[in-house]
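Residue strings, one per chain:
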Protein chains: 2
Amino acid sequence: MSLLVVGSMAFDSIKSPFGEVERVVGGSATYFSLAASYLAPVRLVSVVGRDFPKETIDMLRTRGIDLRGLKIAEGDTFHWKGYYEYDLNIAHTVKTELNVFQDFAPVLPDAYRETPYVFLGNIDPRLQLDILAQIRSPKLVALDTMNFWIEKSPGPLREVIRNVDIVVINEAEIRELTGEFNLVRAARKVMTMGPDRVVVKRGEYGVLHLSDGEIFAAPAYPLETIFDPTGAGDSFAGGFMGYLASRDGAAPTEMDYRLATMYGSAIASFTVEAFSTERLEGLTRDDIATRLEAFLALTRFTV
Amino acid sequence: MSLLVVGSMAFDSIKSPFGEVERVVGGSATYFSLAASYLAPVRLVSVVGRDFPKETIDMLRTRGIDLRGLKIAEGDTFHWKGYYEYDLNIAHTVKTELNVFQDFAPVLPDAYRETPYVFLGNIDPRLQLDILAQIRSPKLVALDTMNFWIEKSPGPLREVIRNVDIVVINEAEIRELTGEFNLVRAARKVMTMGPDRVVVKRGEYGVLHLSDGEIFAAPAYPLETIFDPTGAGDSFAGGFMGYLASRDGAAPTEMDYRLATMYGSAIASFTVEAFSTERLEGLTRDDIATRLEAFLALTRFTV
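Rules behind the numbers
Residues numbered from 1 in each chain as written. Chains lettered and ligands numbered in written order. Predicted model: local features only at pLDDT ≥ 70, side-chain atom pairs only at ≥ 80, totals over all residues. Pairing = 2+ DSSP bridges. Helix = DSSP H or I, 4+ residues; strand = E, 2+ residues; numbered from the N terminus. Axes fitted to C-alpha atoms, helices over the stretch in contact; angles between N-to-C directions. Core = buried A, V, L, I, M, F, W, Y, C linked by C-beta atoms within 7 Å. Buried ≥ 20, exposed ≤ 12 C-beta atoms within 10 Å, placed from the backbone. Contact = placed C-beta atoms within 7 Å. Left-handed = near helix turned anticlockwise from the far one by under 90°. Nonpolar A, V, L, I, M, F, W, Y, C, P; charged D, E, K, R; others polar. Least-squares fit on C-alpha atoms with pLDDT ≥ 70 in both. Expected span 1.5 Å × (residues − 1). pLDDT = per-residue confidence, 0-100. Right-handed = clockwise from strand over helix to strand, strands pointing away.

Focus: the sheet that holds strand S2 (residues 10-16) of chain A
Residue and element names in this part refer to chain A. If you trace the 4 strands from one edge of the open sheet to the other, you get S3-S2-S6-S7, paired in mixed fashion. In the strand order of this sheet, the two ends are held by strand S3 (19-26) and strand S7 (92-97), each with one partner. Averaged over all adjacent pairs, the angle separating strand axes in this sheet is 15°, with direction ignored. Summarising the sheet, strand S6 (residues 78-83) and S7 pair through 5 bridges and their orientation is antiparallel. Following the sheet pairing, tryptophan 80 is matched in S7 by threonine 96.

A short note on the nonpolar core
Note that soluble globular proteins tend to have their nonpolar side chains buried in a common cluster. Counting 183 residues, the largest nonpolar core has A:Val5, A:Met241, B:Val5 and B:Met241 as the members making the most contacts within it. Dropping the residues within four chain positions of it, B:Val5 is found in contact with B:Ala29, B:Phe32, B:Ser33, B:Ala36, B:Val42, B:Leu44, B:Val45, B:Phe119 and B:Gly121.

What about the sheet that holds strand S5 (residues 66-73) of chain B?
Residue and element names in this part refer to chain B. Taking strand neighbours across the sheet as the criterion, the 9 strands line up as S5-S4-S1-S8-S9-S10-S11-S12-S13 in an open arrangement whose pairing is mixed. Strands with a single pairing partner mark the edges of an open sheet, and in this sheet they are S5 and strand S13 (214-218). Averaged over all neighbouring strand pairs, the angle between strand axes comes to 15°, with direction disregarded. With 4 bridges connecting them, strand S1 (residues 3-6) and strand S8 (residues 117-120) associate as parallel partners. Bridging from a neighbouring strand, leucine 3 pairs with tyrosine 117 of S8.

Let's talk about the packing of helix H8 (residues 232-246) of chain A against helix H9 (residues 254-271) of chain A
Pairs of packed helices are described in terms of their axes, by the angle between the two and the distance that separates them. All names here are of chain A. Taken N-terminus to C-terminus, the directions of H8 and H9 make an angle of 140°; their axes are 7 Å apart at the nearest point. Every pair of crossing elements has a handedness; the one defined by H8 and H9 is right-handed. Here Ala232, Ser235, Phe236, Ala237, Gly238, Gly239, Phe240, Gly242, Tyr243 and Leu244 of H8 lie close against H9, whose contacting residues are Asp256, Leu259, Ala260, Thr261, Tyr263, Gly264, Ser265, Ala266, Ile267, Ala268 and Thr271. Split into classes, the residues belonging to the contact of H8 with H9 amount to 12 nonpolar, 8 polar and 1 charged.

Some words on the environment of B:Pro195
All names here are of chain B. As for its position among the elements, proline 195 is in the loop between helix H7 (183-193) and strand S11 (197-201). For proline 195, a count of 22 C-beta atoms within 10 Å translates into the label buried. Separated by 29 residues in sequence, proline 195 and isoleucine 166 have C-alpha atoms that sit 5.3 Å apart. Residues in contact with proline 195, not counting those within four places in the same chain, are Ile161, Val164, Asp165, Ile166, Val167 and Val190.

Some remarks on the relation of the copies chain B and chain A
Aligned on chain A, chain B shows an RMSD of 0.0 Å; the corresponding rotation is 180° and the shift along the axis is 0.0 Å. The operation mapping one copy onto its partner corresponds to a two-fold rotation axis. Residue B:Tyr205 of chain B places its C-alpha closer to the rotation axis than any other residue of that unit, at 3.1 Å. Same-surface contact between copies: 100% of interface residues of chain B are shared with the interface of chain A.

Quick notes on helix H9 (residues 254-271) of chain B
The end-to-end C-alpha distance of H9(B), which contains 18 residues, comes to 26 Å, matching closely the 26 Å that a straight helix rising 1.5 Å per residue would cover. Within H9(B), 14 of the 18 residues are buried, leaving the element largely enclosed by the surrounding structure.

So, the interface of chain B and chain A
Contacts between chain B and chain A engage 28 residues on the former and 28 residues on the latter. Sorting the residues of the side of chain B that touches chain A by element identifies H7, S13, H9 and helix H11 (285-299) of chain B as the ones contributing at least two each. It is H11(B) that provides the largest number of residues to the side of chain B that touches chain A, a total of 5 residues. The residue inventory of the side of chain B that touches chain A, partitioned by class, reads 21 nonpolar, 3 polar and 4 charged.

Description of the confidence of the model for chain A
On average, residues of chain A carry a pLDDT of 95, and 100% of them reach 70 or more. Model confidence for the complex is summarised by a pTM of 0.94, with the ipTM given as 0.92.

As for the pairing of strand S5 (residues 66-73) of chain A
Residues and elements named next belong to chain A. Relative to S5, strand S4 (residues 42-49) runs parallel, the two sharing 6 bridges. Residue pairing across strands places valine 45 opposite glycine 69, the latter belonging to S5. Read from S4 through helix H2 (residues 54-62) to S5, the crossover connection turns out right-handed.

Some details on the environment of B:Gly179
Mapped onto the fold, B:Gly179 is located in the loop between helix H6 (171-178) and H7. Remark: the alpha-carbon pair of B:Gly179 and B:Lys189, spanning 10 residues in sequence, is separated by 9.4 Å.

In structure tokens form, the structure reads like this:
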């Protein structure tokens, strides 16, 4: 079934202990849609400027991603500049140029309004609410957010959280959102706001997936070379939602959610192996299946 | 089979966001021996002062721990004073009073010299070497160490590492020891020094267990209330080595090492539920089995 994502498409300028790149393609919707495209038909909602590379747009189209919701606006594409030190779990922002994203007011193409699976990427919660209002009875809605919105827009953020099924969020951010350091308590607090499930992203430590009465802990893949963690969280979300959307439409069981978490983890583990979307563009279903098996081998024990 | 541990027995004074305690019983050998005592016969080598509570010594004896290697010396027991902030992964030391530990020069009781399983707790690497020299052909030797010895005694530390089978070490400390931030590379570097296996303790993120060609990732149990992380690493090591020693003596397989890791994780998850050894003293085999099942439920997925 179809999966809609709204989020940023961007240029990223990144410095890490392993190299430096200038204005490479990034953005949450870019990573998410590429990751999900291996599993389900994706509908993208975003905006880029005239400077955004036509080859990237062609590449996304080749991956079968529906781009009717992509607006090409006068002006420059969103630009993020940041760096990582040895602790790749922490992204330090140097500069954020919103550019065409500043006036982004997405109107969904008619064909998008019936999309059953929806991912509200990390953008202004007022835009997230706006998108949600344009979709007729979605089956499953998840959102991501970040410290910026937790601090600047707490009212609309709570309102949109109240209306989604799943919150996908970083460890530091769920702590900030809830004022609870303990993740089990923090997740429980989010669930009292409305959602049924909380997926806490912990970078190189993996993911904690919580619902009422169940907890699932997924490690990240212990890679020997992590090149660039940018986009790992969005790739995770793309694999996670992509697997859920790939199913026949029956309500997912706990085991379906767990396997979705592992699809997300597997695809994210490729993203960090190179700068930008390089590694993510050329995956095969076989690559993903092999990485899933590697995750099984990584976590298997018998009592 | 028998399991020897050498390490500290101490008073701990601890402040955390969840409370404050003065001079409660702690120390690596205390936690290790209690944890291991649920699985295998333990022989303890340590020193305390005259001020150490007789009730604790009686409690250890009641748990079947062999105390012939415990010296009661003139003077005061080792005292650690520290605190935790919300991030319970980081212990901040305020004061370390070595006291009777200063002149600790352990001579093993004769009956201890044939012990097949040995754990060299986090003490001066010269003492670790000294103990090791007194044991006749052990089957399996593991050691723990810390930043203090990495900085102050790198020569003897390398010498003892060269002579053990397994290094059990904190994430920050293996990075410091090897100069490698990436844990897979850091573990590989330790394995080039001599050991076959490296167990990296990552606090609330669990454990990464590495050998040549195999990696096992074990989560920590996501508890809603973590009271005091002091002793969690030593309890982990006690459960880990205790399980290995509890077997019939055949060389452990990869799956045995994994189950040992889970025994360690299960027992450590009890330790943090209370200050000092309180929770660890009154466990049953049933408690441990139930927690192991909970770990299985926490990590299980099918592809």
